[in-house]
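The primary structure of each chain is shown beneath.
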Amino acid sequence: MAAVELDHIRKVYPNGQVAVADASFEVADGELLVLVGPSGCGKSTLLRMIAGLEAISGGTLSIGGRVVNEVSPKDRDIAMVFQNYALYPHMTVAENLSFGLKLRGEPGHVIVERVAEAAAMLELGPYLDRKPANLSGGQRQRVALGRALVRKPQVFLLDEPLSNLDAKLRTAMRVEISRLHRRLGATMVYVTHDQIEAMTLGQRIVVLKDGVIQQLDTPMNLYARPANLFVAGFLGSPGMNILHGTLRRDPGLVLDIGPGARLPLGDANIAPEWMGREIAVGIRPEHLVPAENMQASAFSPEVEVVEPVGNEVFLYLRFGGAALVSRVPPKLHQLSPGDRLPLAFAREQLHFFDPVSGLRIDPAA
């Protein structure tokens, strides 16, 4: 396996559209790194540049310490798994798995050995004589993974490989890919627009928006300390609640959201220069909990929608003009629209952002 290094990589199309602005990061040898972001953010373009399927407009791309900007895809020693599987419909599973090896002129005994190894690893043994039309979506995706696997490349590139599967199969295939990565110790770059896939699969995650890297970190660091409002709202299901208002003392610290809507912030730690200024305050749905003994941070939003999902309940709330979501225990499923529920939070669970730049504001020293 090998590391992949991107040094100020850019992609600009002839019409002037900037698909990737300035991407610099390294995928460590054996790491599973996920590129995530909404449609059109540049993540697939970035992956295709690593694969050699898109020309690089600027910067340097290295695989295994070798600069590959001008190296053809077949000579980069990478294997790519596509969203639509890209299987040959007239070939059996065994033929699909072996086709790339035959093109490379591998000896027959090597081909047989590698196909058998991949089939065993991905539980494809019973399907080797079938054609893709006679396979389920999950089985086709395993064949696509197996076809990449038999090549034993330096780097695996996966472009939204699970997006055509239903929810249950996606979950099963996420587990499959995680197991495969652990077993192989392979370098993998994985593209998805699904933040749950990103959080569960990635050892590190690159969050992209409009061709610009917003943040690169481990899943839990991204979740606990989002660098800006975009990352805060994008990661998490449901996303972080963001409230806009003015910070005041009355007498304790409050966020003045609008007429009759003041959010008490308790003894939250924020620099004095933000007093009297517009600010954005974020809090995760699971951190908005039923208040006990009317804590200092308690407030009472109005329930608009109650959504029980078995082991928990999502409450969609209104506080002043602001919409909120709270994740609460199932015992609260009997609440009705129009009810008011006292909720509270701990100060360390608050996130502050500059509403103009969107950047995170760290607590006062």
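Attention in this report is confined to the structure presented alongside it. (Residues numbered from 1 in each chain as written. Predicted model: local features only at pLDDT ≥ 70, side-chain atom pairs only at ≥ 80, totals over all residues. Heavy atoms only, no water.)

1. With respect to the pattern of salt bridges
If the charged atoms of two oppositely charged side chains come close together, the side chains can form a pair. As a reminder, the rule being used: Salt bridges are counted wherever a side-chain nitrogen of Lys or Arg sits within 4 Å of a carboxyl oxygen of Asp or Glu. Only protein chains enter the calculation, and the probe is 1.4 Å; a residue is then buried if its accessible area is under 20% of its type maximum, exposed if over 50%, and partly exposed in between. Secondary structure is summarised from DSSP: a helix means a run of H or I of at least four residues, a strand means a run of E of at least two, and numbering begins at the N terminus for each.
Using the criterion set out here, one finds 14 salt bridges in the structure. With its nearest N and O atoms 3.4 Å apart, the salt bridge here joins D75 to K74. A relative accessible area of 67% means that K74 is categorised as exposed. In this structure, the salt-bridge partner of R225 is D362, at a minimum N-O distance of 2.7 Å. Of the two residues, R225 sits in the loop between α7 (219–224) and α8 (229–234) while D362 sits in the segment after β21 (360–361), which places them 137 residues apart along the sequence. Looking at D362, the relative accessible area reads 43%, which means it is partly exposed. Connected through salt bridges with shared partners, the residues K11, R48 and E54 form a single ionic network.

2. Here we look at the layout of surface pockets
Cut-off, in case you're wondering: The definitions used throughout rest on a 1 Å grid laid over the protein atoms alone, on which a cavity is an enclosed set of points accommodating a 1.4 Å probe that cannot get out and a pocket is an open set flanked by protein within 12 Å on both sides along at least five of seven lines; lining residues are those having an atom within 4 Å of a point. Grid points are joined across faces, edges and corners, and a volume is the space filled by probe spheres set on the points. Under the scheme applied here, ten amino acids are nonpolar (Ala, Val, Leu, Ile, Met, Phe, Trp, Tyr, Cys and Pro), four are charged (Asp, Glu, Lys and Arg), and all others, including Gly, are polar.
Its volume calculated, the largest pocket comes out at about 550 Å³. Going through the elements one at a time, β6 (78–81), α2 (93–103) and α4 (137–149) are the ones with two or more residues in the lining of the largest pocket. Taken together, the residues that form the lining of the largest pocket break down as 13 nonpolar, one polar and four charged. Of the volumes computed, that of the second largest pocket is approximately 220 Å³. Lining the second largest pocket we find 14 residues, and of these N269, R347, E348, L350 and P363 sit closest to its centre.

3. Brief notes about α2
The cut-off we apply is this: Residue contacts are counted whenever heavy atoms from the two residues lie within 4.5 Å of one another.
What α2 keeps buried is the set V93, N96, L97, S98 and L101. Against the buried residues of α2 lie α3 (108–121) and α4. A positive phi of about 75° marks G105, the residue just after α2.

4. Re a negative patch on the surface
Going by this rule: Patch building starts from residues that exceed 30% relative accessible area and form no salt bridge, then joins like charges within 9 Å and nonpolar side chains (Val, Leu, Ile, Met, Phe, Trp, Tyr) within 5 Å. Under the convention used here, a 1.4 Å probe and the Shrake-Rupley method define accessible areas, while residue burial counts only the protein chains that appear. Counted as positive: Lys and Arg. Counted as negative: Asp and Glu, with His and the chain ends omitted from the count. Throughout, a charge is located at the NZ atom of Lys, the CZ atom of Arg, the CG atom of Asp or the CD atom of Glu.
Taken together, E5, D7, D22 and E26 make up a surface patch of like negative charges. At the level of elements, β1 (4–12) and β2 (18–27) are the ones that each hand at least two residues to the negative patch. Structurally, the position occupied by E5 is in strand β1. Judged by relative accessible area, E5 falls into the partly exposed class, the value being 41%.

5. Things to note about the sheet that holds strand β7 (residues 155–159)
What counts is decided by this rule: Following DSSP output, two strands are said to pair if at least two bridges run between them. Every axis in this analysis is a line fitted to C-alpha atoms, fitted for helices over the stretch in contact. Angles between the N-to-C directions lie between 0 and 180 degrees.
Overall, mixed pairing links the six strands, which are arranged β6-β7-β8-β3-β9-β10 in an open sheet. Two strands lie at the open edges of the sheet, namely β6 and β10 (212–217), each paired on one side alone. Between one strand axis and the next, the sheet turns by 15° as a mean value, whatever way the strands run.

6. A look at the nonpolar core
Quick reminder of the rule: Only buried Ala, Val, Leu, Ile, Met, Phe, Trp, Tyr and Cys residues count toward a nonpolar core, and they belong to the same one when joined by side-chain atoms within 4.5 Å.
Ranked by internal contacts, the top residues of the largest apolar core, which has 46 residues, are V34, L158, Y190, I205 and V207. Those residues in contact with I205 that lie beyond four places of it in its chain are V34, V36, A198, M199, Q215, L216, D217, P219 and L222. Of all hydrophobic cores here, the second largest spans 34 residues; its members include A261, A268, V328 and L350.

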